[in-house]
Amino acid sequence: MPTSSSLPRAARSLSAVNEEIRALQVDGGLLSPEGRRQYEELLVEWAAAVRRDVTEAA
């Protein structure tokens, strides 16, 4: 059975992804292995949101 994190997310705004990244950093930036995995997934999503914003601006 796929986990919720392995399911594709609808395209979220850059600010929504940034907010979730900041929330992970609240505890002094120390992440559990699960938190680190989530952070890495968020970075990929963040990069896609940046590309989307640049494409829309062009």
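Residues numbered from 1 in each chain as written. Predicted model: local features only at pLDDT ≥ 70, side-chain atom pairs only at ≥ 80, totals over all residues. Heavy atoms only, no water.

S.K.: Go over the environment of Ser15, please, and point to the residues and values.
M.R.: For Ser15, the location among the structural elements is in helix α1 (residues 14-24). Spatially, the C-alpha atom of Ser15 lies 9.1 Å from that of Ala49, the residues being 34 residues apart in sequence. (Helix = DSSP H or I, 4+ residues; strand = E, 2+ residues; numbered from the N terminus.)

S.K.: I'd like to hear about helix α2 (residues 33-57), residue by residue, with values.
M.R.: Over its 25 residues, α2 runs 36 Å from end to end, which matches the ideal 36 Å to within 8%, given 1.5 Å per residue. Of the positions making up α2, those classed as buried are Gly35, Tyr39, Leu42, Glu45 and Ala49. Contacts from the buried residues of α2 go to α1. (Expected span 1.5 Å × (residues − 1). Buried < 20%, exposed > 50% of the residue type's maximum accessible area, 1.4 Å probe, protein only. Contact = heavy atoms within 4.5 Å.)

S.K.: Go over the confidence of the model for the protein chain, please, and point to the residues and values.
M.R.: Interpretation of the predicted coordinates at a detailed level should be avoided for regions scoring low in pLDDT. Summary statistics for the protein chain give a mean pLDDT of 81 and a share of 81% for residues scoring 70 or more. The low-confidence segment residues 1-7, where pLDDT is below 50, has three contacts with residues more than four positions distant or belonging to other chains. (pLDDT = per-residue confidence, 0-100.)

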